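Spelled out, the chains give:
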Amino acid sequence: MARTLVVGDIHGCAEEFEALLEKAGLAAADRVICVGDLFARGPRPERILDLFLSRSNFTFVLGNHDVPMLEAVREDGKASGAYDDLHPAQAKSLKLLETRREDLRDLLDGAPYLIRSGTSVGTRPWVVVHAGVHPKRGLEGTRTEEFLELRQVDELPDKPFWWDAYDGPDLVIFGHTPRPAVIQAFRRGRRVALGLDTGCVYGGHLTGYLPDEDRFVQVKAKRRYYAKE
Ligand SMILES: [Mn+2]
């Protein structure tokens, strides 16, 4: 049966992404799901674009860096001023993709904010989002900007990180918040959240997770491509 590899924020780190695919031993029929932020900040956005365009079983959810880049390459992006609103790292990546704007639009347009896998780790269905799920409102009540940006929950006492307040039922696999090690949150002994952004573009690691085997795969960044703000 085909397996799935869920991959943390790639940020244009193509060498590490290809090394990760190799290390995970993916077969042609296996599926890849990236947690988003495919391009901005890193060295090889065009290679990432080629890989995701050419492989129909490579999918992703949109990240907070992907959405402004999509807005900029839409037909009316220039007229609406979407280019002026880009983060410098997004503008730089878009420059590297200058001749590939249509391809970029084809890839990003219509991409989801949430992927429900339809399968489980143990008894827990797993889903993929970029940043988070609102711990009180759940998957159905999470707003688009929260899927893209959520870290701390302002309306809860002491503003906890969402994964420290989230109770399931789904296992949420996410990225967005880079940490030296994978974030794992448990409730009553069961894993409810798994953060895969281990800061590859900042010189950390690119992390993959194989839910079908409950196994992690990691590749160390060849170097630091971007300094943390
Ligand atoms: Mn992000």
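The structure presented is a predicted model; accordingly, all values stated were derived computationally and were not measured. (Residues numbered from 1 in each chain as written. Predicted model: local features only at pLDDT ≥ 70, side-chain atom pairs only at ≥ 80, totals over all residues. Heavy atoms only, no water.)

### Notes on the coordination of the manganese ion
The expected angle between donors at a tetrahedral four-coordinate metal is 109.5 degrees. At an octahedral six-coordinate metal it is 90 or 180 degrees. Each protein donor to the manganese ion is listed here as Asp-37 (OD), Asn-64 (OD1), His-130 (NE2) and His-176 (ND1); together their distances run 2.2 to 2.5 Å. Written as a sequence motif, the donor residues of the manganese ion are D-x26-N-x65-H-x45-H. Of this pair, Asp-37 sits in the loop between β2 (31–34) and α2 (45–54) while His-130 sits in the loop between β5 (124–129) and α6 (138–141), and the two are 93 residues apart along the sequence. For the pair Asp-37 and His-130, one class covers both residues: buried. (Donors = N, O, S within 2.8 Å, 3.2 Å for Na, K, Ca; no water. Helix = DSSP H or I, 4+ residues; strand = E, 2+ residues; numbered from the N terminus. Buried < 20%, exposed > 50% of the residue type's maximum accessible area, 1.4 Å probe, protein only.)

### Description of the sheet that holds strand β8 (residues 190–195)
Pairing is mixed across the open sheet formed by five strands, whose spatial order is β4-β5-β6-β8-β7. Edge positions in the sheet fall to β4 (114–121) and β7 (183–187), since each has one partner strand and no second. Ignoring which end each strand starts from, the neighbouring axes of this sheet average 20 degrees apart. (Pairing = 2+ DSSP bridges. Axes fitted to C-alpha atoms, helices over the stretch in contact; angles between N-to-C directions.)

### A few points about helix α1 (residues 14–24)
Burial in α1 covers these residues: Ala-14, Glu-16, Phe-17, Leu-20, Leu-21 and Ala-24. Taken end-on, α1 shows its buried residues confined to a sector of 165 degrees, consistent with a single buried face. Exposed positions of α1 whose direction lies more than 90 degrees from the buried face are Glu-22 and Lys-23. Tucked into the core, α1 has its buried residues touching β1 (4–7), β2, α2, β3 (58–60), β9 (205–210) and β10 (215–220). (Arc of directions from axis to C-beta. Contact = heavy atoms within 4.5 Å.)

### Section: the sheet that holds β9
Pairing in this open sheet of five strands is mixed, and the strands run β3-β2-β1-β9-β10 from one edge to the other. Looking at the sheet topology across the chains shown, the edges are occupied by β3 and β10. Sheet twist, expressed as the average angle between the axes of neighbouring strands with direction ignored, equals 25 degrees. As paired strands, β2 and β3 are joined by three bridges and run parallel to one another. Bridge pairing links Val-32 to Phe-58 in β3.

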